[in-house]
Amino acid sequence: MDGHQKKPESTTDNSARRLQGTAMGVNHFGNVAEDVDSYGQTWKKLTVLCKKFLPSIALALLCAIVGTFLQLTVPGRLREMIDIMQLGITETLDIHSIIHLGIILAATFVIIAALNYLQSYIMVGVTAKISKKLRTDISRKINKLPLGYFNRVSMGDIISRVTNDVDTIGQTLNQNISMLLSSSVLFIGSLIMMLWTHWLMALIAIIASSICFFISKAVLKRSKKFFKAQQSELGSIVGHIDEIYSGHSIVRAYNGIDIAKKSFITLNKNLYNAAWRAQFVSGFITPLMSFSGSLAYVAVFVMGAALIIRNEISFGVIVAFIFYVNQFTQGLTHITETMPGLQSTTAASERVFQILDEEELSDETDKTQKLLDIKGNVTFENIKFGYEKEKPIVHDFSVSVKSGQKVAIVGPTGAGKTTLVNLLMRFYEPEHGTISIDGIPIMNITRAHLHAQFSMVLQDTWLFEGTVRENIAYNKKDVTDEDIVAVSTSIGLHHFITALHNGYDTILDYKTNLSEGQKQLIAIARAMLQNAPMLILDEATSSVDTRTEALVQSAMEKLMSKKTSFIIAHRLSTIKNADLILVLKDGDIIESGTHHALLSQNGFYAELFHSQYSLPA
Amino acid sequence: MKIIKYLHPKEWIQILLILIFAITQVRFDLLIPNQMRHITMLAETPGSQLSEIILSGGLMLLFALGSLACVVIVSFFASRVSAALSMRLRDMLFSKVGAFSMEEFSHFSSSSLIARSTNDITQIQQFTVMALQMLLKVPILTIGGILGIAGNGVSWTVATLIGFGFVLAVVVCAITATIPQFSKMQNLVDKLNLLVKESLTGRTVIRAFNAKKYHEKKFEETNEGFTNTDQRTGRTMAIMSPVMSLGTNGIILAIYIIGAFIIISAEPAQALVTFSSMVVMTFYLALLFTALKFITKVLPRIPRVAVSAKRILEVLETMPVITGGTRIEAKPGCNGEITFKNVGFKYPGASANALEDVSFTIKPGETTAIIGSTGSGKTTLVHLVMRFFDAVEGEVRLGGVNIKEYELNALYNLIGYVPQSATLFKGTVSSNITYGENGTNAYSKASINHALQIAQATEFVSTLEDGMNAPMSQRGANFSGGQKQRLSIARAMYRNPEILIFDDSFSALDYKTDREVRDAIKRSAVGVTKLIVAQRIGTIMDADNIIVLDEGRLVGSGTHGALLESCQIYQEIAASQL
C-alpha cells in the first residue's frame, strides 16, 4: 500500500496553469525527454547543488534499498508460514515454527517502516533546503542581472520560476529519486522472485497485470485532447470574465450586462461539456489499474489451483504470488509515475538554471575610486548606445553640465531622453564614449557608489507592500518621523496621508486605492528624503495635476538649489526656468539653451511649446 | 459546506445513482474473495475438477468486470455533477457580480472577483469530483470490508479493528496537525510571490537606491519561514505511508498467526474452511485500506476548498447596496438637469470625506466643467451622477427627481458616459460603438457613422482593413490609446443621451484632436447637458459654467473670466498651465 502525500500545488495567479496541474497528472506516460544532452547537463548541475547533502542523500538511498530488499523477503516467509499451516490441516501444526516466522516477519515490518520513515525524513529536509537555496539564489540573481535581461523575459515567467519551478523541483526530488530506486529494486526483485518461484505462474501473472497497464497508457494518450479542449474553454471564459469585471463601470453605464451574460452562458456551457469529459476520461485510470490487479489475482488463483491439484506446487506459492504481484504492479506503477516526475524536475531545473546561469553585471570589487566632496560637473563624451546593437538610439551625444546647473531634457517620445538617464546611472553601459563626474569616468567607480550620488524619481512610480512610512523612508537609515512629515508636507502629501485610515502606518497593498498622482508624490517624497548630491527627475510629475505640480516644483526648487539636476519633462511648463534645455530628437541634441533663447530661435522647441499652449480661438 | 445547497434535484438524483453504483461495486468486490475461498477449498480437496476451478475463475473475472463497470459509471456521474455544480456557481457569481456597483467592486477588488469566479470554482470542482468518487465510498468500503472480515470469525475481526483503528488514528492526527500548516504555507507562498514581483517591478528603483540588501533580507525572512513550515509539514505527512503499510502487514500477520492457532485446535474439515478464509482475508483488508487511502487524499484538501467555498459564498451572499427604483422618465421639463444638494461622500473605509457639502445645479443643455487638483473629488462627483456610489449626505437629483428613484437601466439610458481610460470589449469596432442597450434606437449604420464622425474616428476606422467591422481584441489591445478614447467617445454619442459625461476623457488626445472633438460635440449635441471633467484649462475655458473643487469642497463656480477674477485656486491652476 502506498500512501505518500503530495503537497497541494501552490496556487498561481492564473487558473489555466492550475489546471495544468491536473493535466500533468495525466500526461504521466507522455513523451520522452527530447534533448538527451541538455538533460545530462541539467542533472549534472542538480548533482552539484546536492553535493553538500550527499551524505544525507546516500543514507536515505541506503534506507530505501535495504527496506526494499527486506520487503522482497516477506512473500517467501509468508509462503513458508502458509505451507506449514497447509500441512497442519491434516497433520499436526508446527506452531513453534509459525511463531518463530511471525516474530521475524513482525521485526521485518517494523524495520521496513522505520527505514521508510527515516528515508522520507531525511529527504524532506534535504529537498526543503535545496529549494530554499534555489529561491534565495534566484532572488539574489535578479539584482545582479543587467537590466536589459528584463526586456527579454516576462515578469510572470520569472515569478513562476521562483515559486512553481522550485516547488516542482522540491517535490519531485523528494518523492522521485528514492522512489525510482526502490521501485526499480522492487520491480526487478519481484520479477526475479516470481520467475524463480515458478516461471509459468510468473509469466501468466506478468501478462495479466500488464494488459491493463498498456490499455490505460493508450487511454491517457487520447485523453490529452480532452484536456486541451478544457484548457482552451477555460481560457476563453477567464478572458471574458476578466474583460467584463475590469470594465464593469462601462458595462453598467451602458446596460451591457445582459449581452455579457448571453455570451457568458454559451462559454460556460462549452466549458461544462469540456470539463466533465476531461474529468471522466482521467477517472478511467485508477479503476483500470485496480482491474489489472484483479485480473492478475484471478490468473494466479486459477493457475495455482490447477497446479496444486496436480501436486506441482504448495498453497504457499499462491499466497507468495499474491504478494509478488502486488509488489510487481506497485513497482511498475511507481516507475512509470516517477518518469514524468523526473521529466518535470528536469524541465523545471532547466528553467531555474537558465536564469541562474545568465551573465551577471561585471564584477566591481577592484574599483576603489570614490567621488569625494562632489561638485557635480557631469560630462557626456561621444556617447553611442542602442538597446539592440543594430538600432542605435543615441548616436553621438556630447554635453558638458556644470556644477549646480538645472538641466532639462525635452523631445518627442523615443528621442532617447530616458536612455540618457539609464546611461548616467549605469543601468546600461554605452557602446562607445565616456560619461564622467567631476572628471572621473563613471566606469571607474562602483555602481553602488554612483547610485548613492543621485536622488531619483522615475517615470513609473513604484511602491511596495508596506506602510506609507516604509515606502517613503525606504532604504535610508536614521530617518526620523519629523523628516518624513516635513518632506510630505512640503509637497502637499501630508493632508492626504493623514486622511488614510492609519495615517503614515497605513499599509499600501493591492487594496489601497491610490491614484497615479498620489503614488508619484510618495515616490517624490522618497527621493527628496535621500538628499543625494545630484538629482534626476524622469517625468516625475507627469500624473500629478498642474497645481500640485507647481507645489512640488517649489519644494524641489529648494532641494535643487546648488545641486546638479537632470529633469525630463513632457509638459514644458515644468522646465521653463532650467539653466540649460537640451532638445533631443532621434538621439541627438538638435537645440540647446535657455527657455527664452530657444523660443526666440523659433525652432523645434518653439513649435513644441506652442502646440501645447495654443488656446482655442 | 453551504455550497451543497446549490445542487439541483437533477444532480441529487445523479448522486443517488453514484451511491447505488458505489454500493454495487463494493458488493462485487466482496464477491471476489468468496470465489477465491472456493478455489482454495477446491485446491485443497483431493479429486477436484479443473473445470470447477475455471468456472470459479470465470465468475471472479465477471465480478471484477462488474466492479470496473460500476467505477466507470460512478466516475461518469461524478464528473457530470461536479462540472454542473461549477457551471452553476460560475453562472451565479457572474450574475451577482453583474449587479454589483463600484461600491462592491471596491470592496472585493476586481482581480479578487476574477479569481473567485475562476480559480476558486476550479478548486470546488476538483474537490467535488474527489468527494463523490472517494469520500462517498469511504463508509461503504469500510462497512463492506469489516462485514467481509466479520463473516469469518470474531478474533480476526477484533485484530483487524484494533490494527485499523490504530492506523486511522495516526492518519487523522497527522492530517489534522498539518491542516493549519497548509493555509500558513499558502500565505507564505503568496508573500514570496509578492516579494519577487516587487523586486522585479522595482528593479530600477532598487538599484538607484542601492536597496538590494533591504529586499534580500525581506525575502530571506519569508523564505526561511516557508522552508521551516514546508519541512515540518512534509515530515508529519511522511508518517502516514509507513504507518499504513505497517498496519496492513501487521494485520495480515496477526490474522495468519491467529489462523494457525485456530487450525491447530480444529477438525481437518473445519481447519480447511479456516485456512481458505484466512488466505482471502487480504482482499477484505484491501477494501479497508482503500478507504484509508481515500481519506488521506481528500482530507488535506478540505482547508483549501473551504477557503474557496467561503470566498465564493461571500460574493453570493453580498447584496448589492445600490438597487434601482421604478421611475423610467425624468420629470417633464427637467430633462437633462443635474442638481447636487449638500452632497457629502466618503469612500467605504476612508476616514476623510471625498466630497463635502457640494451644491450646484446644471441647467438642461448647459456645458459644465469641473476642474481641480488630483484628489479634489472630480471623479467622485461623476461617480455619484453615474450612481456607481450613493451620496452619504444630501441628495443627487437628475431630471428633477432623486437619482435613487430611477430604474437602473432607465437611468443609464439617459446618460452617455466616457471614462478616464477607454474600456473596449472583444468584438468589432461597430459592436463597440453600439455596445449595450439604450432602449431607443435599433442598429443603424448611419448613426454609427455619425458617432464616429463626431469622435473624429472616421478617418482611422476607414483605413482599417474591415472598416467598421474590423475586429477588436480583448480590452481593445489592438488599438492605440488615442484611438480607443475616440471610439469610447463615439460609443457615448451613439446613445443619443440627454446627458453626456466626460471624465477626463480628452487627456489621451493630442491638443488638436481634443479641440476638433469638442467642437463637433458642441455642434451636434445641441440641447444635451454636458459635464466635463478636465485637467487642461484649455479644454474647458469656453464652458458655460466651471466648477472648481479643492479637497472635496466646491470653492468656486462661474465662467472662465469670472473665476480668473475671483477664485484663487482657479488662478493657481491657470498660472501653472499658461
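Residues numbered from 1 in each chain as written. Chains lettered and ligands numbered in written order. Predicted model: local features only at pLDDT ≥ 70, side-chain atom pairs only at ≥ 80, totals over all residues. Heavy atoms only, no water.

The next thing to look at is the sheet that holds strand 1 (residues 378-385) of chain A. Through backbone hydrogen bonds, the strands of a sheet pair up, either in parallel or in antiparallel fashion. Residues and elements named next belong to chain A. Pairing within the open sheet is antiparallel, and its four strands lie in the order 2-1-4-5. The open sheet is flanked by strand 2 (394-401) and strand 5 (440-441), the only strands paired with a single partner. Pairing of strand 4 (residues 432-437) with strand 5 involves two bridges; the strand directions are antiparallel. Residue pairing in the sheet places Ile437 in a bridge with Ile440 of strand 5. (Pairing = 2+ DSSP bridges. Helix = DSSP H or I, 4+ residues; strand = E, 2+ residues; numbered from the N terminus.)

Contacts between the two partners involve 158 residues from chain A, matched on the other side by 166 residues from chain B. Carbon and sulfur atoms supply 66% of the area buried between chain A and chain B, which totals about 14700 Å² over both sides. Of all residues in chain A, A:Tyr245, A:Arg252 and A:Tyr254 give up the largest surface area on contact with chain B, accounting jointly for 7% of the area buried on that side. Counting across the chain A and chain B interface gives three salt bridges. (Contact = heavy atoms within 4.5 Å. Buried area = accessible area lost by both parts, 1.4 Å probe. Salt bridge = Lys/Arg side-chain N within 4 Å of Asp/Glu carboxyl O.)

With respect to the element layout, B:Leu65 can be found in helix 2 (residues 50-98). Along the sequence, B:Leu65 and B:Met319 sit 254 residues apart, while their C-alpha atoms lie 52 Å from each other.

What follows concerns the pattern of salt bridges. Scanning the model with the defined rule gives 25 salt bridges over all chains in all. A:Asp165 serves as the salt-bridge partner of A:Arg351, at 2.6 Å between the closest nitrogen and oxygen. Note that A:Arg351 is positioned in helix 11 (residues 315-356) and A:Asp165 in helix 6 (residues 155-197), a separation of 186 residues in sequence. Classification of A:Arg351 by relative accessible area gives partly exposed; the value is 24%. A salt bridge links B:Lys363 to B:Glu366, with the nearest nitrogen and oxygen atoms 4.0 Å apart. Using a relative accessible area of 18% as the deciding quantity, one classes B:Glu366 as buried. Ionic contacts of the salt-bridge type, sharing partners, join the residues A:Glu364, A:Lys367, A:Arg426, A:Glu429 and A:Arg447 into one network. (Buried < 20%, exposed > 50% of the residue type's maximum accessible area, 1.4 Å probe, protein only.)

Across all of its chains, the model carries 36 aromatic pairs over all chains by this definition. Look at B:Phe345 and B:Phe389: their rings are 5.3 Å apart centre to centre, the planes differ by 55°, and that puts the pair in the tilted class. Placement of B:Phe345 in strand 1 (residues 338-345) and of B:Phe389 in the loop between helix 13 (378-385) and strand 4 (393-398) is noted, with a sequence separation of 44 residues between them. The class for B:Phe345 is buried, based on a relative accessible area of 2%. A cation over an aromatic ring shows up here: B:Arg235 above the ring of A:Tyr121, its NZ or CZ 3.6 Å from the ring centre. (Phe/Tyr/Trp six-rings, centres within 6.5 Å; stacked < 30°, edge-to-face > 60°. Lys NZ or Arg CZ within 6 Å of the ring centre and 35° of its normal.)

The next subject is the nonpolar core. Judged by nonpolar contacts, the single largest core of 362 residues is most densely connected at A:Met85, B:Tyr256 and B:Leu487. Looking at this core element by element, the count peaks at 18 residues for helix 11 (residues 268-298) of chain B. Excluding residues that lie within four positions of it along the chain, B:Tyr256 makes contacts with A:Leu78, A:Met81, A:Ile82, A:Met85, A:Val319, A:Phe323, B:Met278 and B:Thr282. (Core = buried A, V, L, I, M, F, W, Y, C linked by side-chain atoms within 4.5 Å.)

In this section: a positive patch on the surface. Residues and elements named next belong to chain A. There is a patch of like positive charges on the surface, built from Lys217, Lys221, Lys224 and Lys228. Positionally, Lys228 belongs in helix 7 (residues 199-246). A residue is classified by how much of its surface remains accessible, and Lys228, at 66% relative accessible area, is exposed. (Patch = residues over 30% accessible without salt bridge, like charges linked within 9 Å, V, L, I, M, F, W, Y side chains within 5 Å. Areas by Shrake-Rupley, 256 points an atom, 1.4 Å probe, with all protein chains shown as cover. Lys, Arg positive; Asp, Glu negative; His and termini not counted. Charge placed at Lys NZ, Arg CZ, Asp CG, Glu CD.)

Here the focus is the environment of B:Asp357. Residues and elements named next belong to chain B. With respect to the helices and strands, Asp357 occurs in strand 2 (residues 355-362). Overall, Asp357 belongs to the partly exposed group, its relative accessible area being 46%. Each C-alpha atom of the pair Asp357 and Ile370 lies 16 Å from the other, and the pair is 13 residues apart in sequence. The residues touching Asp357, leaving out its near neighbours within four places in the chain, are Asn342, Val343 and Gly344. Separated by 3.0 Å, the side chains of Asp357 and Asn342 make a polar contact. (Polar contact = N/O pair within 3.5 Å; in protein donor to acceptor, adjacent residues only side chain to side chain.)

It is worth spelling out a nonpolar patch on the surface at this point. Residue and element names in this part refer to chain A. Together, Leu195, Trp199, Leu203, Ile204, Ile207, Ile211 and Ile215 make up an exposed nonpolar region whose accessible area comes to about 640 Å². Looking at the nonpolar patch, the element that brings in the most residues is helix 7, giving six residues. Position of Ile215 relative to the elements: it lies in helix 7. Taking relative accessible area as the criterion, Ile215 reaches 40% and is therefore assigned partly exposed.

In this section: the environment of B:Ser112. Residues and elements named next belong to chain B. Here Ser112 shows up in helix 4 (residues 110-117). Residue class for Ser112 comes out buried when judged on its relative accessible area of 10%. Linking Ser112 and Arg311, residues 199 residues apart in sequence, is a C-alpha distance of 9.4 Å.

What follows concerns helix 19 (residues 511-524) of chain B. All names here are of chain B. Taking 1.5 Å per residue, 14 residues should reach 20 Å; helix 19 reaches 20 Å between its end C-alpha atoms and fits that length. Taken residue by residue, helix 19 has Thr513, Asp514, Val517, Arg518, Ala520 and Ile521 as its buried positions. One side of helix 19 carries all its buried residues, which in axial view fall inside an arc of 160°. Away from the buried face of helix 19 by more than 90 degrees, exposed residues Lys512, Lys522 and Arg523 are located. (Expected span 1.5 Å × (residues − 1). Arc of directions from axis to C-beta.)

What follows concerns the sheet that holds strand 6 (residues 415-418) of chain B. Residues and elements named next belong to chain B. Judged by pairing direction, the sheet is mixed, and its six strands sit side by side in the order 6-9-10-3-11-12 without closing on themselves. On the outer flanks of this sheet lie strand 6 and strand 12 (553-558), each paired with one strand and no other. Going from strand to strand, the sheet's axes swing by 15° on average, the running direction of each strand aside. In this sheet, strand 10 (residues 529-533) lies alongside strand 9 (residues 499-503) in parallel orientation, the contact comprising five bridges. Across the sheet, Ile501 pairs through a bridge with Leu531, a residue of strand 10. (Axes fitted to C-alpha atoms, helices over the stretch in contact; angles between N-to-C directions.)

The subject of this paragraph is the side chain of A:Ser183. Residues and elements named next belong to chain A. As for its placement among the helices and strands, Ser183 is situated in helix 6. Given a relative accessible area of 3%, Ser183 falls into the buried group. From its side chain, Ser183 meets the backbone oxygen of Met179 in a polar contact 2.5 Å long. Apart from residues lying up to four places away in sequence, Ser183 is in contact with Gly331, His334 and Ile335.

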